[in-house]
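In case you want the letters, here they are:
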Amino acid sequence: MTMREQAAATIVDLFRRDERVAVVMADISLDQLRPAMRHDPRRAINVGIMEQAAVGVAAGFALEGYHPVVHTIAPFLAERPLEQVKLDFGYQGLGGLFVSVGASYDYGESGGTHHAPGDVQALGSIPRVEVVVPGTPRETDGLVRATYANGRPTYLRTSVVENARPVELAPGGLTPVRRGSELTVVAVGPLLDRTLAAVDGLDATVLYATTVLPLDAATLAAEAAGAPEVVVVEPFYEGTLAAQVSEALEHRATRLLSVGVPRAFISRYGPAAQHDAALGLDVRGIRERIRRFVA
Amino acid sequence: MAIDTGAIAELRELMTRMTGDEKHTNAATSTLDVLHVLYEDVLRVDPERPAWEERDRFVLSKGHGPMAYYAVLARRGFFPVDELDRFLEWDGSLGGHPDRHRVPGVEASTGSLGHGLPMAVGVSYALRAKGLDEQRVFVLTGDAELNEGSNWEAILHAGARRLDNLTLIVIDNRSSTVAMGDIAAKLASFGWEATTVDGRDHDELRAALSHRAEAPTAVVAAIS
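Residues numbered from 1 in each chain as written. Chains lettered and ligands numbered in written order. Predicted model: local features only at pLDDT ≥ 70, side-chain atom pairs only at ≥ 80, totals over all residues.

Caption draft 1: Region of the structure containing the overall build of chain A. Each helix and strand counted, chain A has 12 helices and 12 strands in total. For a compact globule of 295 residues, the expected C-alpha radius of gyration is about 19 Å, and chain A comes in at 19 Å, within 12% of that figure. Projected onto its principal axes, the C-alpha positions of chain A cover 60 × 40 × 30 Å. When contacts within chain A are restricted to residue pairs at least 6 apart in sequence, long-range pairs at least 24 apart make up 72% of them. (Helix = DSSP H or I, 4+ residues; strand = E, 2+ residues; numbered from the N terminus. Rg over C-alpha atoms; globule rule 2.2 N^0.38 Å. Contact = placed C-beta atoms within 7 Å.)

Below you can see the structure in the form of structure tokens.
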């Protein structure tokens, strides 16, 4: 089961268990979410291909005390209706879960219109927004359950890129998976496995991040206390988490390297793995960046 | 033409207490008669219990020029009329666009155009899901606000899904710089039961706003 399929299955399960859950779709993943529509079509609404309305309709449910879940492809969920998320949810103090499919260039063969490496940075401009980035289907299940009724606009970013095994997540969002003394590496969601492979042979602490907004500042400050070098390996635009890392470590001197998606439009067509290799986000690319940084 | 002149005079007097947003005076006065009729004769609301579950919902999507809205809410008893004197003031609760956290009776915080109608569609669905089938949802936009594409997403959707508990009120004071043509005809073509009335005639407004059809209802209130 993929993260996308797991997210839909968990949403359907919550929908059946909790009458306060509403699901708003925009013509995407209908096959997976159809059981919700069959169970109670009054609160499982496919609005059609209209993402601004999808977020507005979800806010209407939230105004009435529901926990809305909105689902579509990342650029059409995080960017096109950004003002609806900002005002209808953020400003109005409402909660809702926004579950995307197609992280960064997962739709790598579809071209730049379907890419969204800027999703987390865009949503991060909205106060109160929480962002969770699972790395496996099982983590997806847990994070959907943990956040759907948290009272905040929350973005859950599923991806076709996955880690081989789920991690038992620590509360707070940063989970130490390996400890060293010369370097601290924060690996976000689906990039954990390749980050661990990339730092093989280095004396590095690796912290696994699934909740990236807000970033777990206390754990980062404690785990990174012994070394000035900090690396963030992030599956979205490079530097997206830099401000939060800087704030968490403002009490000390830090050298920070951000390894993520370069800020340039992508004009090639190919699967996500091919883009990763071309953009330096495969094991080899990550290892080279980190080794140059610590050399 | 039927007008409750006493009430309107009283509301206009209340509106004079709110100063500082004179550029939106036309926007404010254009909604005055509709809001009065709505709150006096149509909406099922209780000023003592603004969050009463069985109330009708009203969303002022056109958040601009909310002076008439505030005057109507104050006169209806949602908050003391003296609060009107603190319009746009730092320590007051009445801003240039209404805030649902600050003003009793305000269902949604609006101001950016094109947000209220999609939210009202969601509220309409939510009331259905709760089994509140008699309750209605009203949303007010301006004619120029209908320039915003998000409205037409919601208009297409609500018409297609026959959301019969939803009523859209369009204040048509010809403020759009893009010719809107026959707004009621446009809405009818999207599956709405749409009518145009004199936006100052209280009898016409009352009859149109009280009517519930088997499709979403639109009342275009023409302001001359």
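Caption draft 2: Examining the pairing of strand β2 (residues 137-142) of chain B more closely. All names here are of chain B. Burial of β2 is extensive: 6 of the 6 residues sit out of reach of the surface. Taking every second residue as pointing to the same face, both faces of β2 are buried, with Val137, Val139 and Thr141 on one and Phe138, Leu140 and Gly142 on the other. Two strands pair when backbone bridges link them, and strand β1 (residues 57-60) and β2 are joined in this way by 4 bridges, in the parallel orientation. Looking at β2, one finds that Arg57 is bridged to Val137. In the sheet, β2 pairs with strand β3 (residues 166-172) via 6 bridges, with the strands oriented parallel. Its bridge partner being in β3, Thr141 is matched across the sheet by Val170. Taking the sense of rotation as the criterion, the β-α-β connection linking β2, helix α6 (residues 149-160) and β3 turns out right-handed. (Buried ≥ 20, exposed ≤ 12 C-beta atoms within 10 Å, placed from the backbone. Pairing = 2+ DSSP bridges. Right-handed = clockwise from strand over helix to strand, strands pointing away.)

Caption draft 3: Quick peek at the nonpolar core. Core analysis: the biggest nonpolar cluster contains 159 residues, and Ile11 and Val23 of chain A have the highest contact counts within it. Two domains each donate at least three residues to this core, and these are domain 1 (3-157) and domain 2 (174-294) of chain A. (Core = buried A, V, L, I, M, F, W, Y, C linked by C-beta atoms within 7 Å. Domains from an automatic or database assignment.)

Caption draft 4: Representation of the interface of chain B and chain A. Taken together, the contact between chain B and chain A spans 22 residues of the former and 24 residues of the latter. Listed by contribution, the elements that provide at least two residues to the side of chain B that touches chain A are α5 (116-130) and α6 of chain B. The class makeup of the residues in the side of chain B that touches chain A is 11 nonpolar, 7 polar and 4 charged. (Nonpolar A, V, L, I, M, F, W, Y, C, P; charged D, E, K, R; others polar.)

Caption draft 5: How the structure looks around the sheet that holds strand β11 (residues 229-237) of chain A. All names here are of chain A. With mixed pairing, the 5 strands of this open sheet are ordered in space as β7-β9-β8-β11-β12. With partners counted over all chains shown, the strands left at the sheet margins are β7 (174-178) and β12 (255-261), one partner each. In this sheet, adjacent strand axes meet at a mean angle of 25° when their direction is disregarded. (Axes fitted to C-alpha atoms, helices over the stretch in contact; angles between N-to-C directions.)

Caption draft 6: View of the packing of α5 of chain B against α6 of chain B. All names here are of chain B. Between α5 and α6, whose axes approach to 8 Å, the crossing angle comes to 30°. Judged on the interaxial angle alone, α6 and α5 are roughly parallel. Side by side, α5 and α6 meet where Leu117, Pro118 and Val121 of the first sit next to Ser150, Asn151, Glu153, Ala154, His157 and Ala158 of the second. Of the residues that constitute the contact of α5 with α6, the class distribution is 5 nonpolar, 3 polar and 1 charged. (Parallel < 35°, antiparallel > 145°, perpendicular 65-115°, else oblique.)

Caption draft 7: Structural detail: the pairing of strand β8 (residues 183-188) of chain A. All names here are of chain A. Most of β8 is tucked away, with 6 of its 6 residues classed as buried. Burial of β8 is two-sided: the residues Leu183, Val185 and Ala187 facing one way and the residues Thr184, Val186 and Val188 facing the other way are all buried. Judged from the 6 bridges that link them, β8 and strand β9 (residues 204-209) form a sheet pairing that is parallel. Note on β9: the bridge partner recorded for Val186 is Leu207. Running through helix α8 (residues 192-198), the crossover from β8 to the neighbouring parallel element β9 is right-handed. Here 4 bridges tie β8 to β11, and the two strands are oriented parallel to one another.

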